[in-house]
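What follows is each chain in one-letter form.
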Amino acid sequence: MLTKFESKSARVKGLAFHPVRPWICASLHNGVIQLWDYRVGTVIDRFEEHDGPVRGVDFHFTEPLLVSGGDDYKIKVWDYKLRRCLFTLLGHLDYIRTVQFHPNAAQYPWILSASDDQTLRLWDFARRTCLSVLTGHNHYVMCATFHPTDDLIVSASLDQTVRVWDTAGLRKKQMGEALEHAGIARNKTTQSINVQAELFGTNDVVVKYVLEGHDRGVNWASFHPTLPLLASAADDRQVKLWRMSETKAWEVDTLRGHANNVSCCLFHPKHDLIVSNSEDRSIRVWDVSKRVGVQTFRREGDRFWILAAHKSQNLLAAGHDSGMIVFKLERERPAACSAPNNSLYYVRGRELFLHDLSRNVDVPIASLRRMGQQAQTDGIGSAPRYLTYNHHNPSEGNILVTTDVDGGSYELVTFALGNASGSVTDGKRGSCLGPGVFLGQNRFAILDRQRQIVIKNLQNETTKKVQPPVPTVEGLLDGGASGRVLLRAEDRAILFEVQSRRVLGELTAPKIKSVVWSPDGSKVAILCKYGVVIANRQLEQLCSVSDNVRIKSGAWDVSPSGGTASELFIYTTLHHVKYCLPSGDTGTIRTLDQPVYATRAIKDQLFCLDREARPRMISIDTTEARFKLALATKKYGLVMQMVRQSRLCGRAIVAYLQSKGFPEVALHFVREPHTRFRLALACGNIEAAMASAFTLEQQQGGSDGGRQVWGELGSEALRQGNHQVVEMSYQRTKDFDRLSFLYLISGSTDKLRKMLKISQMRNDIMGRYHNALLLGDAAERVKVLEESGNLPLAYISAMMHGLTEDAERIKIAIETNNGTVEGLMEKVASTGARSTGHLLQPPTPIIRADNWPTLEVAKTTLEDLTSSPEEEGGMEEFHDASPAAGNMDLGADDWGDDDAGGISGSAAIAADDFDFGDDMGDWGDDLDGLDDGEPSHAAADHEMAGISDVGAESGAFVMPAAGRPAAGCWAANSSHAADHLAAGAASSGLQLLNRQIAASDFSLLKPSMISCYLGATASMPGIPGCPSISLPLMRNDRSGHPGAGSLPRTPLKVQDLVAGIKNGYRFFQGGKFNDAKGAFGTVLTQIPLVVTDNRAEASEMKAMLSICREYITAIRLKAAIAEAGEDPVRATELSAYFTHCNLQSVHLLLALRAAMGTAFKHKNFIVAASFARRLLELPDMASERNAELRGKATKVLQKSEQMARNEHQLNYDETKTFSIDCQKLVPIYADQGIECSYCESKYDESMKNTICVTCGFCAVGIKTIGLVTG
């Protein structure tokens, strides 16, 4: 028995496997129903509404339903997705023993139940009515089950009988009723029949057989899944086997062996076995054909009560006093081994087969004999476990077949390679531990039971015995070369040479299962239970990979081309095909419906065996693995070829390329501007970084994030010595001090003088003085000091620089203010000022042309796709063919006011954006002109740009390049989702919504999306016989056709949102809360697709977003108040939270009035007084129409101040600032919780990555840019 999962709990009385998922439901004696994931070993859910033990449980085959029956006489049907009980079926008068859905519950919505009230009942759970009461037993009915395919039911009772019931009549009756459209009279008749059925039973279900033969009460009976057989288990310690025909049923045999009451029995779903368990603390397995016990499993201290079998998998479960176990009777891994020439040997049943992978043909080799009593029964672990092929013998075929039965044995099968099926030599046999291995052409090694390595020849004669280097050897594995063997010892693998008895290598590998050598023998993959270790020929570890689930199998890639042979290892787990590279890189290739066992991998084909030992070939995509391998082996030409031709994308690839130091490759995949900006900085690509910076600046609208981006770009450009980009970055961030110093060191004195003028316009005293100091303008410095009120300093500076006229004027000013200049110059002289001091002047620049780069940034082949030649065959090494490109060509002649005719690239952007004219018009006050217009990239798009001169060189006319359609321009010119949807680019539009506001469920946005697409074009009828002409509607064509800069007209406007908000207000005021919620919800779905024209509209739209959130939360609170009913604590809390929603004054008045009344009614006087004060402070309370309410509020305040106590402890503190958890409707205080990226609704951490309940389409807890308005 192979235990797959074991739980600890109260006594388990009922078990049921989920038909598809790896779940098992256990009903316990303490009244709890547990839902387990037996693969992971965790409890998924618990259901606790039964009073007393729950004895029966079952899953619906297709719907998310669960049925249970317990000692409280109730049958409950649960929805495990909703995690609640849907309804309860009442009718039984005593304990309910078992419940079961009909095997074809989609067509027959029936539930079968058995009870201690001596009856069985059939229920229609769709109508929630009882269909039939089956009477006939005269003692407790212990179990009842449906036949898997026929109209039969079997029941077992303590009256010592087993009854088989025929339900064909009920089925025909129910099918007839389903076809009728019953009226009132029909319903009355049905009600009278149900009353009669309660008293006397019905004849819709009749007894077909009564099986008598047990001497004591029968506890269980079950059908065979395909044959006309029955099995029953009773308190007489016997399991009986019965056979049925059309007319009668009779006892076939009695299976004896249990020492106490037999609790349960069932047929194995795949083999001719019966499994039973008993209160004697044992599980027994019986051979149906031989009618003898073949296996017994005992458990000390726990009695067994229930058994369950999976409908499609080889899994069983048993419940006992302290929990349950999920187990198999045998391993399902087929014994197989690969051989040369695309051959595979494997065992199916008792036959050894050769499978030709190239022709997909099976050839039977030999029938394998099984030794021992246990080995004669299929399904209990008697099949061979290991196959080993002799790769050292090219003249004939040798296969070692080993099994674990009876302590372990082997059989040597020898055959001719040319005629495998007709020349099999009778197998030589012997005992061994674990698999055997071939050491050479005519010898093999096994591990005997004294744990010695025994060397034998092909005649099965012992030639040598070798003591292993460690005494704890558990098995032998292939050593990869002649004379070598790999020893498995505890958590170690030891490479041992038998002839010289030397240990060649050793590494740690826990729970080793098998090894796979690469085709060239240079590497070995050691498969462990939960990981893979890859080592070289000398067993030196190259990498280690761990996994959360068990490793099933693995195979090396043997593709003849592509460079992946012996470098790519593909392995399988329970539900995935994964890969591993010797460098340690791993990844997932595809998912699997059922486990498979890999035998060979060639290109994009994986040859494998399933659990039925059937050869299969599945398609795999190893592009990602080959891409990583090409990077690791520095085959850059192949990398570039794959970048061009393959669909490599995703965050995982980008993160991998960054971690491996290839950001220039990742730059080709990424379109998201922030990530692209980071990658461009990492690889030193200033041009790409600058383009991303412009995009980010447009998205963030000049926020601190945009300033940070330009600051980082300036730092990288300064590191490379590109002072033109540095200048533009400082201008964008308005870093005037650094900009002045840059102009100083670059010799741009003209621009430094303009910085002085700008500081004058900005009234920046320190900036003026600083720039005057850098320019050496003493008169300006004196002027600055004088205007700032520092007259003594101004006088000293004027005297020091010989400005006598200025000094006299300043002296008069000082004396006018009752001051004196006497002694000022003496103080300067007393400070020890050097007599050799002179006026500071800006340095003369050494060179005035272009940039002066200090760091050369070469464009690698990986960065420049166009310069990368493809590799021939994908195998040759590729090296950079072109010399380093150097820095960017930013050839500006000087930094004056000349045009940018000679400037290209980023310098053109800098020159176009910042024209320092003499009139200072572009700078204005506070650098207003810095952001005028968009930067003009390279050359402007023009319709005639593709036409060359007629008569040039060849004299031929060259057709102009095709223009771009309007829809193509729309998606390129905008980052707003509405523009992309209008262009028909639904994929990019949805991606933008996901990235900007984390939208995940687009079903609510679908109507608005469709209207965006339909509203962006108009259809104009053409001439007869021609199709209509589709005309794009543009929103920026008022002053002329915008050309390539066009943007679409969108149907949704801010005015539509305002109308929706007003409707919501009107419904809210009138108490129509559902209509109000719908109106506000509609506005929420429209806001992401509205393009605003200016900042005022954008601010207004964001305000409306906040309004919708607050009112929807308020409406949900109002509904929760109604549900709270008479619960004084919850009602008062919800009313209090209601008043903290940001509502209009007139609506807040209503909320405070209701909250005051609720708190006063439930005697929570402290909060009632608080609400009364807030109500009286509202401006609307001063009007005459609220005079009566004002009087009531005053009385409530007086009474509350007299009582001054709260009757209940409330989760409400008005002194603290808090938000409302929109899911649980409880307070979330400052700096706690997470929020929706779009509507900013607050939640606790448990809601992370779930859909927001307020807006209904965005994920919670994801940091994004937020709403983009235009």
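Residues numbered from 1 in each chain as written. Predicted model: local features only at pLDDT ≥ 70, side-chain atom pairs only at ≥ 80, totals over all residues. Heavy atoms only, no water.

As annotated in an unreviewed UniProt entry, the protein carries the name Coatomer subunit alpha and is attributed to Fistulifera solaris. What UniProt records for the protein under Subunit (unreviewed entry) is the sentence "Oligomeric complex that consists of at least the alpha, beta, beta', gamma, delta, epsilon and zeta subunits." The UniProt entry for the protein carries this comment under Function (unreviewed entry): "The coatomer is a cytosolic protein complex that binds to dilysine motifs and reversibly associates with Golgi non-clathrin-coated vesicles, which further mediate biosynthetic protein transport from the ER, via the Golgi up to the trans Golgi network." (UniProt positions renumbered as here; feature names shortened; annotations may be inferred.)

Enquirer: For this particular structure, what's the right way to read the UniProt feature "repeat: WD" (unreviewed entry) in the protein?
Expert: The feature "repeat: WD" (unreviewed entry), as given by UniProt, occupies residues 47-88, 89-133, 134-166, 211-252 and 255-296 in the numbering adopted here. A helix fraction of 0% and a strand fraction of 61% characterise residues 134-166, whose end C-alpha atoms lie 11 Å from each other. (Helix = DSSP H or I, 4+ residues; strand = E, 2+ residues; numbered from the N terminus.)

Enquirer: Mind showing me how you'd approach the pattern of salt bridges here?
Expert: A side chain with one charge can pair with a side chain of the opposite charge if their charged atoms come near. Overall, the coordinates contain 43 salt bridges when judged by the stated rule. The partner of Glu6 in a salt bridge is Lys8, with the nearest N and O atoms 4.0 Å apart. On the basis of relative accessible area, Glu6 is assigned to the partly exposed category, the value being 37%. The exposure class assigned to Lys8 is exposed, which follows from its relative accessible area of 61%. Taken together, the shared-partner salt bridges in this structure form one network comprising Glu6, Lys8, Arg299 and Asp302. (Salt bridge = Lys/Arg side-chain N within 4 Å of Asp/Glu carboxyl O. Buried < 20%, exposed > 50% of the residue type's maximum accessible area, 1.4 Å probe, protein only.)

Enquirer: Mind showing me how you'd approach the side chain of Arg55 here?
Expert: Mapped onto the secondary structure, Arg55 falls in strand β6 (residues 54-59). Setting aside residues no more than four positions away along its own chain, Arg55 makes contact with Lys13, Gly14, Ser27, His29, Gly69, Gly70, Asp71, Tyr95, Ile96 and Arg97. (Contact = heavy atoms within 4.5 Å.)

Enquirer: Help me understand the packing of aromatic side chains in this model?
Expert: Remark: the centre distance and the inter-plane angle together describe each pair of aromatic rings, the angle taken between the planes. A complete count under the given rule lists 26 aromatic pairs for this structure. Judged by centre distance (5.2 Å) and plane angle (55°), the ring pair of Phe5 and Trp36 falls under tilted. Remark: Trp36 occurs in strand β4 (residues 33-37) and Phe5 occurs in strand β1 (residues 2-8); sequence separation between them is 31 residues. Three or more aromatic residues joined by ring pairs form one cluster here, namely Tyr1065, Phe1068, Phe1073, Phe1080 and Tyr1111. Just above the ring of Trp250 sits the side chain of Lys248; from NZ or CZ to the centre is 5.4 Å. (Phe/Tyr/Trp six-rings, centres within 6.5 Å; stacked < 30°, edge-to-face > 60°. Lys NZ or Arg CZ within 6 Å of the ring centre and 35° of its normal.)

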